[in-house]
Amino acid sequence: MDSLTAAVYLPPLDNPHERAAIGHELAAVLHDLVALSLTGKQLHWMAAGPLSHSLHLQLDELVDSWRAMADTVAERAVTIGHTVDGQPAAVAAGTGLTPIAPDEVQDNLLVHEVTHRVATVAERVRARLRRVGEVDLVSQDVLIGVTRELEKQQWQLRVQSGAHR
Ligand SMILES: [Fe+2]
């Protein structure tokens, strides 16, 4: 255990010198999840077409799950001694998600827009797994859980849209 870890009772990572690097990885995931939840709420409000009501309800379920994931990821980051910033400016600067135009979105297009963004975030989180796991298996476990849930949502949205792959 290094002296800093001992002094402030931080978890002893396999490589404590990489604590900040893991914190940055978790912060990046936090930014994507917050952006995803904000976009989901935007689509919740702007859903149009025959399926708009069911999509309106479904989007709130998804937003709840993304916000819960963001909370878990942020709390893992601060648990290992890293600060996080989930405020609008930090999220806008840090996310890899593209914004959606603030107009009504027809139901068939909406499913595509959501699926694309869930897949994008899932892919970006999955790409961090190996790197995080080399330093901290517990943080990796958090990101594996996020990836598993996002990929499950990706499957559900995929079959909902009628796409086979
Ligand atoms: Fe609402």
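It should be emphasised that the depicted structure is a prediction, and the values quoted were computed from it without experimental measurement.

The rules behind each value
- Residues numbered from 1 in each chain as written.
- Predicted model: local features only at pLDDT ≥ 70, side-chain atom pairs only at ≥ 80, totals over all residues.
- Heavy atoms only, no water.
- Helix = DSSP H or I, 4+ residues; strand = E, 2+ residues; numbered from the N terminus.
- Contact = heavy atoms within 4.5 Å.
- Salt bridge = Lys/Arg side-chain N within 4 Å of Asp/Glu carboxyl O.
- Buried < 20%, exposed > 50% of the residue type's maximum accessible area, 1.4 Å probe, protein only.
- Expected span 1.5 Å × (residues − 1).
- Polar contact = N/O pair within 3.5 Å; in protein donor to acceptor, adjacent residues only side chain to side chain.
- Core = buried A, V, L, I, M, F, W, Y, C linked by side-chain atoms within 4.5 Å.

**Student:** Which residues make up the side chain of Glu 25, and what values go with them?
**Tutor:** Within the secondary structure, Glu 25 sits in helix 2 (residues 19–46). If near-sequence neighbours (up to four positions away) are discounted, Glu 25 is found in contact with Arg 128, Arg 131 and Val 132.

**Student:** Go over the pattern of salt bridges with me, naming the residues and quoting the values.
**Tutor:** As enumerated under the stated definition, the model contains 8 salt bridges in all. Between Glu 25 and Arg 128 there is a salt bridge, with the nearest N and O atoms lying 2.9 Å from each other. Taken together, the residues Glu 25 in helix 2 and Arg 128 in the loop between helix 5 (107–126) and helix 6 (129–135) connect sequence positions 103 residues apart. Among the ionic pairs, Asp 60 bridges to Lys 41, the shortest N-O distance being 2.6 Å. A residue pair is termed long-range when its members are at least 10 positions apart, and Asp 60 in helix 3 (residues 52–79) and Lys 41 in helix 2 qualify at 19 residues. Residue class for Lys 41 comes out partly exposed when judged on its relative accessible area of 26%. One salt-bridge network, held together by shared partners, links Glu 18, Glu 25, Arg 128 and Arg 131.

**Student:** Please give an account of helix 3 that cites residues and values.
**Tutor:** Between its terminal C-alpha atoms helix 3 stretches 40 Å, which fits the 40 Å expected from 28 residues at 1.5 Å a residue. After helix 3 finishes, the residue Gly 81 shows a positive phi value of roughly 95°.

**Student:** Could you give an account of the environment of Asp 32, naming the residues involved and the relevant values?
**Tutor:** Counting through the fold element by element, Asp 32 comes out in helix 2. C-alpha separation for the pair Asp 32 and Val 114, spaced 82 residues apart in sequence, amounts to 13 Å. With sequence-adjacent residues up to four places away left out, Asp 32 is seen in contact with Thr 95, Gly 96, Leu 97, Val 121 and Arg 124. A distance of 2.9 Å separates a polar atom in the side chain of Asp 32 from the backbone nitrogen of Gly 96.

**Student:** Please provide a residue-by-residue account of the nonpolar core, values included.
**Tutor:** Residues Leu 33, Trp 66, Val 73, Leu 110, Val 114, Leu 143 and Leu 150 are the most contacted members of the largest nonpolar core, which totals 41 residues. The residues contacting Leu 33, other than those within four sequence positions of it, are Trp 66, Met 69, Ala 70, Val 73, Val 121, Val 146 and Leu 150.

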